[in-house]
Amino acid sequence: MENYKSFVENAKYYLDKDLHFITNLANISAYIYQEIEQLNWVGFYLYDSLELYLGPFQGKPACTSIAMGRGVCGTAATKLETIVVDDVHAFKDHITCDSESKSEIVIPIVTRFGNLFGVLDVDSPILNRFDNDLKVALEEIVNLMVDIL
Ligand code: SME
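Residues numbered from 1 in each chain as written. Predicted model: local features only at pLDDT ≥ 70, side-chain atom pairs only at ≥ 80, totals over all residues. Heavy atoms only, no water.

**Re the site of the ligand**
Right, so step 1: Residues in contact with the ligand amount to 13 residues; listed here are only the nearest, Val 72, Cys 73, Ile 95, Glu 104 and Asp 123.
Right, so step 2: Contact distances for the ligand include 2.8 Å between an oxygen atom and a backbone N or O atom of Cys 73.
Right, so step 3: Side-chain polar atom of Asp 121 to an oxygen atom of the ligand: 3.4 Å apart, as the coordinates give it.
Right, so step 4: For the shell around the ligand, the element with the highest residue contribution is helix α3 (residues 71-79), accounting for three residues.
Right, so step 5: Its residues assigned to classes, the shell around the ligand shows eight nonpolar, two polar and three charged. (Near = heavy atom within 4 Å. Polar contact = N/O pair within 3.5 Å; in protein donor to acceptor, adjacent residues only side chain to side chain. Helix = DSSP H or I, 4+ residues; strand = E, 2+ residues; numbered from the N terminus. Nonpolar A, V, L, I, M, F, W, Y, C, P; charged D, E, K, R; others polar.)

**Considerations on helix α2 (residues 21-35)**
Right, so step 1: Along its 15 residues, α2 runs 21 Å from first to last C-alpha, staying within 8% of the 21 Å computed at 1.5 Å per residue.
Right, so step 2: Among all positions of α2, only Asn 24, Leu 25, Ile 28, Ser 29, Tyr 31 and Ile 32 are buried. Around the axis of α2, the buried residues are gathered within 165 degrees of arc, so they sit on the same side. (Expected span 1.5 Å × (residues − 1). Buried < 20%, exposed > 50% of the residue type's maximum accessible area, 1.4 Å probe, protein only. Arc of directions from axis to C-beta.)

**Some points on the nonpolar core**
Generally speaking, a soluble globular protein has its nonpolar side chains buried in company with each other.
Right, so step 1: By size, the foremost hydrophobic cluster in this structure holds 29 residues, and its most contacted members are Phe 7, Ile 28, Ile 32, Phe 44, Leu 120, Val 122 and Leu 138.
Right, so step 2: For this core, the secondary-structure elements that each account for two or more residues are α1 (5-11), α2, β1 (41-47), β5 (103-110), β6 (116-124) and α4 (132-148).
Right, so step 3: Residue contributions to this core peak at eight residues, all from α4.
Right, so step 4: Ignoring any residue separated from it by four or fewer positions in sequence, one finds Val 122 in contact with Leu 39, Trp 41, Val 42, Ser 103, Glu 104, Ile 105, Phe 130 and Leu 138. (Core = buried A, V, L, I, M, F, W, Y, C linked by side-chain atoms within 4.5 Å. Contact = heavy atoms within 4.5 Å.)

**So, the side chain of Asp 121**
Right, so step 1: Of note, Asp 121 is situated in strand β6.
Right, so step 2: Summary of buried charges: Asp 121 has no salt-bridge partner, and the nearest side chain of opposite charge, Arg 129, is 13 Å away.
Right, so step 3: Not counting residues within four places of it along the chain, the set of residues in contact with Asp 121 comprises Trp 41, Val 42, Gly 43, Tyr 45, Cys 73, Glu 104, Ile 105 and Val 106. (Lys, Arg positive; Asp, Glu negative; His and termini not counted. Salt bridge = Lys/Arg side-chain N within 4 Å of Asp/Glu carboxyl O.)

**Comments concerning unusual backbone geometry**
Right, so step 1: Residue Gln 38 is not a glycine yet carries a positive backbone phi of 60 degrees.
Right, so step 2: With respect to the element layout, Gln 38 can be found in the loop between α2 and β1.
Right, so step 3: With a relative accessible area of 44%, Gln 38 lands in the partly exposed category.
Right, so step 4: Phi at Leu 80 is positive, roughly 55 degrees, even though this residue is not glycine.
Right, so step 5: Within the secondary structure layout, Leu 80 lies in the loop between α3 and β4 (83-85).

**Side note on the side chain of His 94**
Right, so step 1: On the secondary structure map, His 94 appears in the loop between β4 and β5.
Right, so step 2: Exposure remark for His 94: the relative accessible area of 16% places this residue in the buried category.
Right, so step 3: Within the structure, the side chain of His 94 is placed 3.1 Å from the side chain of Glu 104, a separation counted as a polar contact.
Right, so step 4: With residues up to four places along the chain from it excluded, the contact list for His 94 reads Val 72, Val 88 and Glu 104.

**Observations concerning α4**
Right, so step 1: Along its 17 residues, α4 runs 25 Å from first to last C-alpha, staying within 8% of the 24 Å computed at 1.5 Å per residue.
Right, so step 2: Looking at the buried side of α4, the elements it contacts are α1, α2, β1, β5 and β6.

Structure follows, in structure tokens:
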């Protein structure tokens, strides 16, 4: 079992409520990408009341918009629940942005007022990368972000 305690604690250094939210999202995506091994894409899709559009990220250029209910991102955003995909080829509606991606986690970001803000999307080039410990750690980082939105 991995211990992600310091990973979550140190994320606070990249979340400053006095900064523009884009600045925080940019640094948090870089922080996750730097700290967690075996990732090939970390970033945000943000909700504009119609669809999800590409926000700050690390990795290869990606699809610029995703309809609600489509792909892993649009499904997590619609259901408002975290989706872990151990093998992207087994997820029927998976949208391929980087053919290297083999597993993925998408965590919805919901404000304290209950509004959908967007999703955190993390991809890995290996199967089954996102065990429960890593899922919980990433969800904790999303909760820290929600605190300052
Ligand atoms: N795989 C995602 C699309 C975004 S990329 O992975 C960066 C999906 O199915 O929604």
